[in-house]
Amino acid sequence: YSPSLNPDGKSFIYASRAAGNWDIYWQRVGGKNAVNLTKDSAADDTRPAYSPDGDLIAFRSERAPRGIYVMEATSENVRRLADFGYDPSWSPDGRELVISSAPFSEPTTRSLIPGALWVIDVATGARRRLTETDAVQPSWSPNGHRVAYWGVQPGGGQRDIWTIAAGGGAAVPVVTDEALDWNPVWSPDGKYLY
């Protein structure tokens with residue numbers, strides 16, 4: 001699960017339990033042979049995301065110490081970037097990641113324990129909180145101006161999609177309907193959310 005297409009369109013990464021625990025796999029588009037990039041880790045490694053230039057991969061790891069890790073696309077030079085976080089999404093310039101502090105497995109059964117979005121500088125590890133209300137599964141817009149996410153709304157448990165300026169500020173609802181809305185993904189031109 002959690003596929004991420006390389007910006008060059010020639011390969012993709014994803015998480016799988018093919019080797020027993022969750023690992024990050026690389027595969028060529030149209031290819032049949034997957035390569036386990038985290039086979040040296042006995043802990044679960046999930047939720048991979050390619051950097052905009054395709055040179056780095058951010059992911060969640062349960063290895064000690066747990067958190068958000070970054071590695072080269074060749075699986076070399078693995079380093080921990082944050083001691084918490086899930087669902088990393090890269091800024092278009094590749095300098096920052098936005099992550100959620102809360103995990104979830106299914107949107108319908110997600111607990112009401114609020115999560116927040118945090119922006120982390122990839123070079124220094126410096127972090128700043130982006131949201132005050134519940135927020136998970138962030139997606140940074142292609143132009144870098146906004147971050148989309150979904151969250152459980154107070155007073156009813158409705159799951160809706162919002163966007164917030166990448167620098168912070170008031171969140172703007174994208175949908176406020178009865179449907180369960182989750183997993184927002186920007187179109188390549190940044191005009192639409194899927």
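Scroll up a little and you will see the structure.
Residues numbered from 1 in each chain as written. Predicted model: local features only at pLDDT ≥ 70, side-chain atom pairs only at ≥ 80, totals over all residues. Heavy atoms only, no water.

## Examining the sheet that holds strand β2 (residues 11-16)
Spatially, the four strands line up as an open sheet ordered β1-β2-β3-β4, and their pairing is antiparallel. Looking at the sheet topology across the chains shown, the edges are occupied by β1 (4-5) and β4 (35-36). Note: β1 against β2, two bridges, orientation antiparallel. The residue bridging Ser4 from the neighbouring strand is Ile13, located in β2. (Pairing = 2+ DSSP bridges. Helix = DSSP H or I, 4+ residues; strand = E, 2+ residues; numbered from the N terminus.)

## Points about the environment of Pro107
You can see Pro107 is positioned in the loop between β10 (96-100) and β11 (117-121). A sequence separation of 30 residues divides Pro107 from Asn77, and the C-alpha atoms of the two residues are 33 Å apart. Setting aside residues no more than four positions away along its own chain, Pro107 makes contact with Trp150, Arg159, Leu180 and Trp182. (Contact = heavy atoms within 4.5 Å.)

## Details of the pattern of salt bridges
As enumerated under the stated definition, the model contains five salt bridges in all. With a closest N to O distance of 3.0 Å, Arg63 and Asp45 form a salt bridge. Taken together, the positions of Arg63 in the loop between β6 (56-61) and β7 (67-72) and Asp45 in strand β5 (residues 45-50) put the pair 18 residues apart, joining distant regions of the chain. Here the salt bridges share partners, and the residues they tie into one network are Arg60, Glu62 and Arg66. (Salt bridge = Lys/Arg side-chain N within 4 Å of Asp/Glu carboxyl O.)

## As for a nonpolar patch on the surface
A contiguous nonpolar patch, built from Val185, Tyr192 and Tyr194 and spanning about 370 Å² of accessible area, is present on the exposed surface. Along the chain, the position of Val185 falls in the segment after β16 (172-173). (Patch = residues over 30% accessible without salt bridge, like charges linked within 9 Å, V, L, I, M, F, W, Y side chains within 5 Å. Areas by Shrake-Rupley, 256 points an atom, 1.4 Å probe, with all protein chains shown as cover.)

## A closer look at the side chain of Ser91
Tracing the backbone through its elements, the reader meets Ser91 in the loop between β9 (86-90) and β10. Setting aside anything within four residues of it in sequence, one finds Ser91 in contact with Pro52, Glu96 and Trp140.

## A closer look at the sheet that holds strand β8 (residues 79-82)
Within a sheet, adjacent strands bond to each other through the backbone by hydrogen bonds, running parallel or antiparallel. A sheet is described by the order of its strands in space; here four strands give the open sequence β5-β6-β7-β8, paired in antiparallel fashion. Each having just a single partner strand, β5 and β8 make up the two edges of the open sheet. Neighbour-to-neighbour, the strand axes of this sheet turn through a mean angle of 30°, independent of strand direction. (Axes fitted to C-alpha atoms, helices over the stretch in contact; angles between N-to-C directions.)

## Section: the nonpolar core
Of all hydrophobic cores here, the largest spans 12 residues; its members are Ala49, Ala58, Ile68, Val70, Leu81, Ala82, Phe84, Trp90, Leu97, Ile99, Ile120 and Val122. Secondary structure elements with two or more residues in this core: β7, β8 and β10. Look past the residues within four positions of Ala49 in its chain and what remains in contact with it is Ser4, Ile13, Leu56, Ile57, Ala58, Pro88 and Trp90. Judged by nonpolar contacts, the second largest core, of 11 residues, contains Leu117, Leu130, Trp140 and Ala166. (Core = buried A, V, L, I, M, F, W, Y, C linked by side-chain atoms within 4.5 Å. Buried < 20%, exposed > 50% of the residue type's maximum accessible area, 1.4 Å probe, protein only.)

## Brief notes about the environment of Asp55
With respect to the helices and strands, Asp55 occurs in the loop between β5 and β6. Leave out the neighbours within four places in its chain, and Asp55 touches Met71, Glu72 and Ala73.

## Regarding the pairing of β5
Of all the six residues making up β5, six are buried; the element is thus mostly covered by neighbouring parts of the structure. Sheet topology places β5 next to β6; four bridges connect them, and they run antiparallel. Bridging across to β6, Tyr50 finds its partner in Ile57. Counted along the chain from β5 to the antiparallel partner β6, the turn is five residues long, and its residue Gly54 has a positive phi close to 75°.

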